[in-house]
Amino acid sequence: ARANLLRDPDAVSYFLKADLTPKLLGETIQNPAYADTLRAIASGGASAFYTGPIAADIVAEINRTEAGSDAPGALTPGATTLADLAGYEAKRRAPVCIDYRAHQVCGMGPPSSGGMPSRSRWASWRTSASMPSARPPWTARAASRA
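Residues numbered from 1 in each chain as written. Predicted model: local features only at pLDDT ≥ 70, side-chain atom pairs only at ≥ 80, totals over all residues. Heavy atoms only, no water.

1. Examining the side chain of Arg 64
The condition that has to hold: Numbering of helices and strands starts at the N terminus; helices are DSSP runs of H or I of at least 4 residues and strands are runs of E of at least 2. Note on contacts: a residue pair is in contact if any heavy atoms of the two residues lie within 4.5 Å.
Turning to its location among the elements, Arg 64 is positioned in the loop between α5 (52-62) and α6 (82-86). If we ignore the near neighbours within four places in the chain, the residues touching Arg 64 are Arg 7, Asp 8, Pro 9, Leu 75 and Pro 77.

2. Digging into the pattern of salt bridges
Rules: By salt bridge we mean one thing: a side-chain nitrogen of Lys or Arg within 4 Å of a carboxyl oxygen of Asp or Glu. A simple rule labels every residue: compare its accessible area, found with a 1.4 Å probe on the protein chains alone, to the largest value its type can have, and call it buried under 20%, exposed over 50%, or partly exposed in between.
The final tally for this structure, using the stated rule, is 2 salt bridges. Notably, a salt bridge pairs Asp 36 with Arg 39, separated by 2.9 Å at the nearest N-O pair. Pair noted here: Asp 36 and Arg 39 are both in helix α3 (residues 32-44), with a separation of 3 residues, about one helical turn. In this structure Asp 36 comes out as partly exposed when scored by relative accessible area, which is 48%. Here Arg 39 falls in the exposed class, since its relative accessible area comes to 53%. Here Glu 61 makes a salt bridge to Arg 64, at a shortest N to O gap of 2.9 Å. For Glu 61, a relative accessible area of 35% gives the class partly exposed.

3. Quick notes on unusual backbone geometry
With a phi close to 70°, Leu 20 is a non-glycine residue in the positive phi region. The topology assignment puts Leu 20 in the loop between α2 (9-15) and α3. You will see that Arg 101, though not glycine, has its phi angle at about 50°, which is positive. Among the structural elements, Arg 101 can be located in the loop between β1 (96-100) and β2 (103-107). Judged by relative accessible area, which is 48%, Arg 101 ranks as partly exposed.

Set out below in structure tokens:
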């Protein structure tokens, strides 16, 4: 995981200190570029995301061929274009949900793969004899927002 993190300069600057050690628990992490992106989407709507500078940055990142200087090497780029993003149309789809203890946890439905793997993971945690009362590490936050 660390080797992959080091290949992304933005992730390095966000999660690691200048000496490449992890930022400490409780340390304030700021992401002004993300805040700017959210402000642009809030004021410009979906078109601010799918066209213009945000779309150009997304396409450039997807198509990047070189890793960062902390772990240099070739990357396999995607093939997404600005036209792909500009032509995208979001579709409302029913979520995939599963009951877990006193909560209903939902994820994205097909054709996204987001909901299906989550559902199978939840089912395995729910029925695991080796961990009858254990909670998956990501459930506390997911369950509290359900």
